[in-house]
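# A closer look at the structure
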Amino acid sequence: VMAAVFAGAGLAGAGVIIQTLLGNSLAGPNIIGVNSGAGFMTLIAALVFPLIPQMQPLAAFVGALFSVMMIYLLSRKAGTSKMTILLSGVVLNSLLNAASEALCTFFPDIHMSYAAFRIGGLSTVQTSVLYPAAILITVLFIIVQLRANTLELLSLGDDTAFTLGVSVKKYRLLFLVCAAGMAGAAVSFAGLIGFLGLIVPHGARLVVGDEIKKLFPLSVLWGSLLLLVCDTVARTAFAPFELSVGIVISIIGAPIFIRMLLKRKVG
């Protein structure tokens, strides 16, 4: 239950931040490679520090931050159109997934654990990884919520935010770090759960609009509840067999994402 609550909160919160900074409601953490970056570095940490699982949240944060920064820099260089951001994310996502698969080829011992990690699930969560990740998600949630007004000003564009007195570079970096920390911490113990960071902010936005002070906490709450419900379904619907919660989320999220694409007529 704790794992579901904090993983859902971390992914949904990261989704709100990324979508706001990039100005694109289709730029979820799994779509643009943030989760893949966190997952790749988590595998590295498992290989290099097999007896220190507490290193995994830190490694996942580094991987997620790298992905976020790469996507942001690419979008700034090539233009901030929806298609540019999505295509950049798809390329980075594919590259990082390929790197993870290569690790599994060179180090077969981690292949079985990676197979479950790639789908996303909570059945093998270790408290030694969960507790530091949960603390990180909580701290970052508080920071973002306290600075919600600043994040909302950044969503108006760099020039407007600067005119209104915001230190754009400073706060953009702060929020990118927060997004990477929340997504990376969730991935470090829950695996590559897809779509949640995309669809939850989208649904919350339909209820409370774009005001970050309301959108962010509601998305975090809904993310926790959605993952908790999906995990309960995954564990009980086909008993004695247990599905991965990542499968249930994907079954729900894929049709919603397609509907979003069709509605917005991307490209």
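Residues numbered from 1 in each chain as written. Predicted model: local features only at pLDDT ≥ 70, side-chain atom pairs only at ≥ 80, totals over all residues. Heavy atoms only, no water.

A tally of helices and strands in the protein yields 12 helices and 0 strands. For the protein, the α and β elements follow one another from N to C terminus as α-α-α-α-α-α-α-α-α-α-α-α. Whereas a compact globule of 267 residues would reach a radius of gyration of roughly 18 Å, the protein reaches 17 Å, a difference of no more than 12%. Along the longest, intermediate and shortest principal axes, the C-alpha atoms of the protein span 55 × 35 × 35 Å. Buried residues in the protein amount to 49% of all 267 residues. The long-range share in the protein, meaning contacts at least 24 apart out of those at least 6 apart in sequence, stands at 75%. (Helix = DSSP H or I, 4+ residues; strand = E, 2+ residues; numbered from the N terminus. Rg over C-alpha atoms; globule rule 2.2 N^0.38 Å. Buried < 20%, exposed > 50% of the residue type's maximum accessible area, 1.4 Å probe, protein only. Contact = heavy atoms within 4.5 Å.)

Another point: a nonpolar patch on the surface. Taken together, Ile119, Phe238, Phe241, Leu243, Ile247 and Ile251 make up a surface patch of nonpolar side chains, about 580 Å² in accessible area. Here Leu243 is to be found in the loop between helix H11 (212-236) and helix H12 (245-264). (Patch = residues over 30% accessible without salt bridge, like charges linked within 9 Å, V, L, I, M, F, W, Y side chains within 5 Å. Areas by Shrake-Rupley, 256 points an atom, 1.4 Å probe, with all protein chains shown as cover. Salt bridge = Lys/Arg side-chain N within 4 Å of Asp/Glu carboxyl O.)

With a phi close to 75 degrees, Phe195 is a non-glycine residue in the positive phi region. Locating Phe195 in the fold gives a position in the loop between helix H9 (168-190) and helix H10 (196-208). The buried category is assigned to Phe195, whose relative accessible area is 16%.

Now for the packing of helix H6 (residues 127-146) against H9. Where H6 contacts H9, the axes come no closer than 9 Å and their chain directions differ by 155 degrees. In this view, H6 runs roughly antiparallel relative to H9, as classed from their interaxial angle. The crossing of H6 and H9 is left-handed. In contact with Val129, Leu130, Ala133, Leu136, Ile137, Leu140, Phe141, Ile143 and Val144 of H6, H9 contributes Leu174, Phe175, Cys178, Gly181, Met182, Ala185, Ala186, Ser188 and Phe189. Of the residues assigned to the contact of H6 with H9, the class counts are 16 nonpolar, 2 polar and no charged. (Axes fitted to C-alpha atoms, helices over the stretch in contact; angles between N-to-C directions. Parallel < 35°, antiparallel > 145°, perpendicular 65-115°, else oblique. Left-handed = near helix turned anticlockwise from the far one by under 90°. Nonpolar A, V, L, I, M, F, W, Y, C, P; charged D, E, K, R; others polar.)

Before going further, it helps to examine the side chain of Gln19. By the secondary structure assignment, Gln19 is in helix H1 (residues 2-22). On the basis of relative accessibility, which here comes to 3%, the residue Gln19 falls in the buried class. Within the local environment of Gln19, its side chain forms a polar contact with the side chain of Arg205, the two groups lying 3.1 Å apart. When near neighbours in sequence (up to four residues on either side) are disregarded, Gln19 contacts Asn24, Ser25, Ala27, Gly28, Gly197, Leu198, Pro201 and Arg205. (Polar contact = N/O pair within 3.5 Å; in protein donor to acceptor, adjacent residues only side chain to side chain.)

This brings us to the environment of Val139. Within the secondary structure, Val139 sits in helix H6. Classification of Val139 as partly exposed rests on a relative accessible area of 42%. Between the C-alpha atom of Val139 and that of Leu174, which follows or precedes it by 35 residues, the distance is 13 Å.

For the rest of this paragraph, the subject is the pattern of salt bridges. Per the stated rule, a full pass over the model turns up 3 salt bridges. One salt bridge connects Asp210 with Arg205, and the closest N-O pair in it is separated by 3.0 Å.

Another aspect to go through is the packing of H1 against H9. Axis separation between H1 and H9 bottoms out at 8 Å; the angle between their running directions is 150 degrees. In terms of axis orientation, H1 runs roughly antiparallel to H9. Between H1 and H9 lies a crossing whose hand is left-handed. Along the contact surface, H1 presents Ala3, Phe6, Ala7, Ala9, Gly10, Leu11, Gly13, Ala14, Ile17, Ile18 and Leu21, while H9 presents Arg172, Phe175, Leu176, Cys178, Ala179, Met182, Ala183, Ala186, Val187, Phe189 and Ala190.

Put simply, the protein has an average pLDDT of 84, and 93% of its residues get 70 or more. Element-level pLDDT for the protein is lowest in helix H5 (residues 111-119), with a mean of 67, against a maximum mean of 93 in H11. (pLDDT = per-residue confidence, 0-100.)

With that settled, the discussion passes to H10. Taking 1.5 Å as the rise per residue, H10 with 13 residues should run 18 Å; its terminal C-alpha atoms sit 18 Å apart, in good agreement. Along H10, the residues that are buried comprise Leu196, Gly197, Leu198, Ile199, Val200, Pro201, His202, Ala204 and Arg205. The positive-phi residue at the C-terminal boundary of H10 is Gly209, with phi of around 80 degrees. (Expected span 1.5 Å × (residues − 1).)

Tracing the backbone shows Leu173 in helix H9. Classification of Leu173 by relative accessible area gives partly exposed; the value is 45%. Taking the C-alpha atoms as reference points, Leu173 and Leu65, 108 residues apart in sequence, are found 10.0 Å from one another.

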